[in-house]
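Notes for the structure review
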Amino acid sequence: LKWLPFTDLLQKHTEDLQPVMKLDDVTQKARQLCGIGSDEEAQRMVEFHHSLGLLLHFTSTPALCNNVVVDVEWLLTVTSALLHPLSTKNPQFSKHFCLLHTHGILLESLAMHIWSTRCSQSSKLMTDER
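This text gives an overview of the structure that appears in the document. (Residues numbered from 1 in each chain as written. Predicted model: local features only at pLDDT ≥ 70, side-chain atom pairs only at ≥ 80, totals over all residues. Heavy atoms only, no water.)

1. Quick notes on the overall build of the chain
On a plain count of helices and strands, the chain comes out with 7 helices and 2 strands. Counted from the first residue to the last, the chain has its helices and strands arranged as α-β-α-α-β-α-α-α-α. Here the chain, with 130 residues, has 36% of them falling under the buried criterion. Taking all contacts inside the chain whose residues are at least 6 apart in sequence as the whole, residues at least 24 apart take part in 49%. (Helix = DSSP H or I, 4+ residues; strand = E, 2+ residues; numbered from the N terminus. Buried < 20%, exposed > 50% of the residue type's maximum accessible area, 1.4 Å probe, protein only. Contact = heavy atoms within 4.5 Å.)

As structure tokens, this is what we get:
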């Protein structure tokens, strides 16, 4: 019951949370909302919400272990933009789309083009993570 305020926050998709946040920021928010005192409890809370599918946190991949996707629907929207791009008619990216759809290779320039067209927050995230 102690973690319910954080669960509510995740489900409401409030502006208090970015779609992807640093693990430290998520645990700090959890401490503020739920009165969590220890790092171990904060980690258990993140793992619990991951197991429910309310957020995504992958500890086995070093590149992802410090990031938490707190808006899973946002991630689905961003990912679906790769499968159903709106602007496949752009001649500048036609070879890039062909490479993606035939060989599964996504070039960064194409990802930035799709995501900036479809999901403005994702392009900011990608450039902030470099």
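2. Quick word on the nonpolar core
F6, V26, I36, M45 and V70 are the most contacted members of the largest nonpolar core, which has 17 residues in total. Where this core is concerned, the elements lending two or more residues are α1 (4-12), α2 (23-34) and α3 (39-52). Looking at which element gives the most residues to this core, the answer is α2, with 4 residues. Not counting the four nearest positions on each side in its chain, F6 is found in contact with V26, K29, A30, L33, C34, M45, H49 and L55. Core analysis: the next-biggest nonpolar cluster, separate from the first, contains 15 residues, V69, L82, F97 and W115 among them. (Core = buried A, V, L, I, M, F, W, Y, C linked by side-chain atoms within 4.5 Å.)

3. Examining the environment of W3
Mapped onto the fold, W3 is located in the segment before α1. Apart from the residues within four sequence positions on either side, W3 is in contact with C34, I36, E41, R44, M45, F48 and H49.

4. Observations regarding the side chain of T27
On the secondary structure map, T27 appears in helix α2. Contacts of T27, omitting those with residues within four sequence positions, involve A42 and V46.

5. Side note on the packing of α2 against α3
Packing of α2 against α3 leaves a shortest axis separation of 10 Å and a crossing angle of 100°. In this view, α2 runs roughly perpendicular relative to α3, as classed from their interaxial angle. Residues L23, V26, T27, A30 and R31 of α2 lie in contact with α3, whose contacting residues are D39, A42, Q43, M45 and V46. When its residues are assigned to classes, the contact of α2 with α3 shows 6 nonpolar, 2 polar and 2 charged. (Axes fitted to C-alpha atoms, helices over the stretch in contact; angles between N-to-C directions. Parallel < 35°, antiparallel > 145°, perpendicular 65-115°, else oblique. Nonpolar A, V, L, I, M, F, W, Y, C, P; charged D, E, K, R; others polar.)

6. Some points on α3
Residues lying three or four places apart along an α-helix face the same way, a consequence of the helix completing one turn every 3.6 residues. Helix length check: α3 (14 residues) gives 20 Å between terminal C-alpha atoms against 20 Å at 1.5 Å per residue, within 8%. Of the positions making up α3, those classed as buried are E41, A42, M45, V46 and H49. An end-on view of α3 places all buried positions within 140° of arc, on one side of the element. Turned more than 90 degrees from where α3 packs its buried face, D39, E40 and S51 sit exposed. G53 sits one or two positions beyond α3 and adopts a positive phi of about 80°. (Expected span 1.5 Å × (residues − 1). Arc of directions from axis to C-beta.)

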